[in-house]
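Per-entry structural report
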Amino acid sequence: MIDLHYWPTPNGKKVTILLEECGMPYRLVPCHIGKGDQFEDGFLEISPNNRMPALVDDYPPGGGAPVSVFESGAMMMYIAEKAGRFYPQDLRGRYEVNQWVMWQMANQGPKFGERGHFNRLGDDEGDQSYALTRFSNEVNRLYGVMNNRLYDRPYLAGDDYTIADMISYPWTVYWEAQGQDLNEFKHFKRWYEELSARDAVQRGMAAGADLPEDPDTIPEEEKQRRHQLLYNQRARPAPG
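Treat the numbers as computed from the prediction; the structure is a model and nothing was measured. (Residues numbered from 1 in each chain as written. Predicted model: local features only at pLDDT ≥ 70, side-chain atom pairs only at ≥ 80, totals over all residues. Heavy atoms only, no water.)

Quick look at the pattern of salt bridges
- Under the criterion given, the structure shown has 12 salt bridges.
- One salt bridge connects Glu21 with Arg198, and the closest N-O pair in it is separated by 2.8 Å. Pair noted here: Glu21 is in helix α1 (residues 10-22) and Arg198 is in the loop between α7 (186-196) and α8 (199-206), with a separation of 177 residues, a long-range link.
- Two residues, Arg141 and Glu138, come together in a salt bridge whose shortest N-O distance is 2.9 Å. Remark: Glu138 and Arg141 occur in helix α5 (residues 129-150); sequence separation between them is 3 residues, near one turn of the helix.
- Looking at Glu138, the relative accessible area reads 14%, which means it is buried.
- Where salt bridges share partners, they join Glu213, Glu222, Arg225 and Arg226 into one cluster. (Salt bridge = Lys/Arg side-chain N within 4 Å of Asp/Glu carboxyl O. Helix = DSSP H or I, 4+ residues; strand = E, 2+ residues; numbered from the N terminus. Buried < 20%, exposed > 50% of the residue type's maximum accessible area, 1.4 Å probe, protein only.)

Side note on the nonpolar core
- Within the largest apolar cluster, 49 residues are counted, with the highest numbers of intra-cluster contacts made by Leu18, Ile79, Ile163 and Trp191.
- Within the residue set of this core, elements represented by two or more residues are β1 (2-6), α1, α3 (72-83), α4 (91-120), α5, α6 (163-168), α7 and α8.
- By residue number, the principal contributor to this core is α3, which donates 6 residues.
- Among the nonpolar cores identified, the runner-up in size contains 7 residues, and Trp7, Cys31, Ile46 and Met52 belong to it. (Core = buried A, V, L, I, M, F, W, Y, C linked by side-chain atoms within 4.5 Å.)

Things to note about the environment of Met52
- One can find Met52 in the loop between α2 (41-44) and β3 (54-57).
- Here the alpha-carbon distance between Met52 and His5, two residues 47 residues apart in the chain, equals 6.5 Å.
- Setting aside its immediate chain neighbours within four residues, Met52 contacts His5, Tyr6, Trp7, Thr9, Asn11, Gly12, Cys31, Ile33 and Phe43. (Contact = heavy atoms within 4.5 Å.)

Quick look at the side chain of Asp3
- By secondary structure assignment, the location of Asp3 is in strand β1.
- Judged by its relative accessible area of 14%, Asp3 falls in the buried class.
- At 2.6 Å, the side chain of Asp3 and the side chain of Arg27 are in polar contact.
- Those residues in contact with Asp3 that sit more than four places away from it in its chain are Arg27, Val29, Ala54, Leu55 and Val56. (Polar contact = N/O pair within 3.5 Å; in protein donor to acceptor, adjacent residues only side chain to side chain.)

Some thoughts on the packing of α4 against α5
- Remark: α4 packs on α5, axes separated minimally by 9 Å, with the N-to-C direction vectors making an angle of 150°. When the axis of α4 is compared with that of α5, the two are roughly antiparallel. At the point where α4 passes α5, the crossing takes the left-handed sense. Counted together, Glu96, Gln99, Trp100, Trp103, Asn107, Gln108, Lys111, Phe112, Glu114, Arg115, Phe118 and Asn119 of α4 and Ala131, Leu132, Phe135, Ser136, Glu138, Val139, Arg141, Leu142, Tyr143, Val145, Met146 and Arg149 of α5 form the full contact between these two elements. (Axes fitted to C-alpha atoms, helices over the stretch in contact; angles between N-to-C directions. Parallel < 35°, antiparallel > 145°, perpendicular 65-115°, else oblique. Left-handed = near helix turned anticlockwise from the far one by under 90°.)

Section: the pairing of β1
- Most of β1 sits inside the fold, with 5 of its 5 residues counted as buried.
- Where burial is concerned, the two faces of β1 agree: the one with Ile2, Leu4 and Tyr6 and the one with Asp3 and His5 are both buried.
- Of the strand pairs in this sheet, β1 and strand β2 (residues 26-30) are connected by 5 bridges, and their pairing is parallel. Looking at β2, one finds that Tyr6 is bridged to Pro30.
- Following the chain from β1 across α1 to the adjacent parallel β2, one finds a crossover that is right-handed.
- Where β1 lies against β3, 4 bridges are found, and the strand directions are antiparallel. If you follow Leu4 over to β3, its bridge partner there is Leu55. (Pairing = 2+ DSSP bridges. Right-handed = clockwise from strand over helix to strand, strands pointing away.)

Concerning the sheet that holds β3
- Pairing within the open sheet is mixed, and its 4 strands lie in the order β2-β1-β3-β4. Of all the strands in the sheet, just β2 and β4 (67-70) have a single pairing partner and so form its edges. Across the sheet, the axes of successive neighbouring strands diverge by a mean angle of 20°, strand direction being ignored.
- Sheet contacts for α3: β1, β3 and β4; angle to β4, the most-contacted strand, approximately 135°.

Everything listed here is a matter of geometry and, on its own, says nothing about what the molecule does.
Structural data, given as structure tokens:
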């Protein structure tokens with residue numbers, strides 16, 4: 001059984017999509033990132049970067065002690081390799097997938113996330129017009145990267161559906177809120193609609209849908225505590 005420390009964000013849903021596609025048993029361990037669960041000492045033992053998702057596999061390949069993995073890209077490589085699916089092991093095929101997994105981790109996720117961050121800030125945080133213009137343009141550019149990649153192949157890594165597709169999909173479901181027009185990217189749109197229709201993708205995207213709380217029920221004092229905890233983080237002192 002895999003314990004998946006999780007909150008229903010795009011980064012978490014990448015992993016649940018893959019677990020559902022593989023039919024691999026897993027248990028969701030809620031990590032409420034709004035409350036700050038990711039800063040608890042126990043969680044830091046498996047995810048030293050204070051970020052979810054992270055996993056603990058009690059039955060790793062080859063046996064032995066449980067294996068913990070953090071960073072969603074590494075987690076997807078681990079799960080797919082364990083399952084023997086969605087991750088080619090020949091040199092060329094593996095690195096075709098690897099480079100798109102790295103692209104998602106280094107480009108799509110951070111840039112899409114920054115665009116969402118600055119879009120959510122209120123007027124009391126100052127003028128965000130430069131940041132919004134910069135990251136909106138980057139989001140549009142990255143949709144174009146995917147669209148150009150997909151014009152002559154069905155999937156990001158070539159002819160086969162792989163973790164490269166699963167890791168990229170969850171950030172794209174918010175295309176409308178990101179200010180994008182899918183009709184501008186017809187090759188991407190074909191890919192997006194195909195993945196959206198997959199049963200396992202739908203199950204993975206729905207995982208933990210009951211976890212988030214109603215923002216209107218959070219007391220103002222608690223909102224202030226969370227804001228203070230989550231924004232403008234600096235280095236955590238080393239133990240000892």
